[in-house]
Amino acid sequence: MGIAARTYRNAGRDYSEPIAVKAPPLYRVLYHKWFVDEAYDYIFTGRRKLGDIRLGAMGAGEASSWFDERVIDGTVNGAGWSTRAAGTLSKWWDTWIMTACW
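What you see is a predicted model, and the numbers here were worked out from it, not measured in a lab. (Residues numbered from 1 in each chain as written. Predicted model: local features only at pLDDT ≥ 70, side-chain atom pairs only at ≥ 80, totals over all residues. Heavy atoms only, no water.)

Caption draft 1: Spatial organisation of the overall build of the protein chain. Across its full length, the protein chain carries 5 helices and 2 strands. Here the protein chain has a C-alpha radius of gyration of 33 Å; the compact-globule value for 102 residues is 13 Å, and the former is much larger. Buried residues in the protein chain amount to 6% of all 102 residues. Counted over contacts in the protein chain with a minimum sequence separation of 6, partners at least 24 positions apart contribute 0%. With 13 positive and 11 negative side-chain charges, the protein chain shows a spacing of 10 Å between the two charge centroids. (Helix = DSSP H or I, 4+ residues; strand = E, 2+ residues; numbered from the N terminus. Rg over C-alpha atoms; globule rule 2.2 N^0.38 Å. Buried < 20%, exposed > 50% of the residue type's maximum accessible area, 1.4 Å probe, protein only. Contact = heavy atoms within 4.5 Å. Lys, Arg positive; Asp, Glu negative; His and termini not counted. Charge placed at Lys NZ, Arg CZ, Asp CG, Glu CD.)

Structure below.
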């Protein structure tokens, strides 16, 4: 408390931190709390993107959404298309070939 009282005793509007003047990179790291919150946002929550990639929970949500849209829905739609194609072919076969033979 004594060091703080001595440091901030004459602080006014134009006051700048002594460490900010003497060691700006160290001040930046300390001011941003060792960038722990930023790292947490990148790695675990995914609120911040790392380039085009989003990590964390939001990244997992985006990845699972992409997988659902492209892979799962593609498989289901492909199965539906092949079933309709087989049904149309079977109807055509019954209508034109089987009817003509009997």
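Caption draft 2: Inspection of unusual backbone geometry at higher detail. The phi dihedral of Lys 33 is positive, around 55°, even though this residue is not glycine. In the Ramachandran plot, Phe 35 falls in the positive-phi region, its phi being about 60° despite a non-glycine side chain. Topologically, Phe 35 is positioned in the loop between helix H3 (24-31) and helix H4 (36-45).

Caption draft 3: View of the packing of H4 against helix H5 (residues 56-101). Axis separation between H4 and H5 bottoms out at 4 Å; the angle between their running directions is 30°. Taken together, the axis directions place H4 and H5 in an arrangement best described as roughly parallel. Touching Tyr 42, Ile 43, Phe 44 and Thr 45 of H4 are Gly 56, Ala 57 and Met 58, all from H5. Residues belonging to the contact of H4 with H5 are distributed by class as follows: 5 nonpolar, 2 polar and no charged. (Axes fitted to C-alpha atoms, helices over the stretch in contact; angles between N-to-C directions. Parallel < 35°, antiparallel > 145°, perpendicular 65-115°, else oblique. Nonpolar A, V, L, I, M, F, W, Y, C, P; charged D, E, K, R; others polar.)

Caption draft 4: View of the pattern of salt bridges. Across all of its chains, the model carries 5 salt bridges by this definition. Across the pair Lys 33 and Asp 37 runs a salt bridge, and its minimum N-O distance is 3.3 Å. Ionic contacts of the salt-bridge type, sharing partners, join the residues Asp 41, Arg 47 and Arg 48 into one network. (Salt bridge = Lys/Arg side-chain N within 4 Å of Asp/Glu carboxyl O.)

Caption draft 5: Region of interest: the side chain of Arg 54. Checked against the element boundaries, Arg 54 lands in strand S2 (residues 53-54). From its side chain, Arg 54 meets the backbone oxygen of Gly 46 in a polar contact 2.7 Å long. Setting aside residues no more than four positions away along its own chain, Arg 54 makes contact with Gly 46, Arg 47, Arg 48, Lys 49, Gly 59 and Glu 62. (Polar contact = N/O pair within 3.5 Å; in protein donor to acceptor, adjacent residues only side chain to side chain.)

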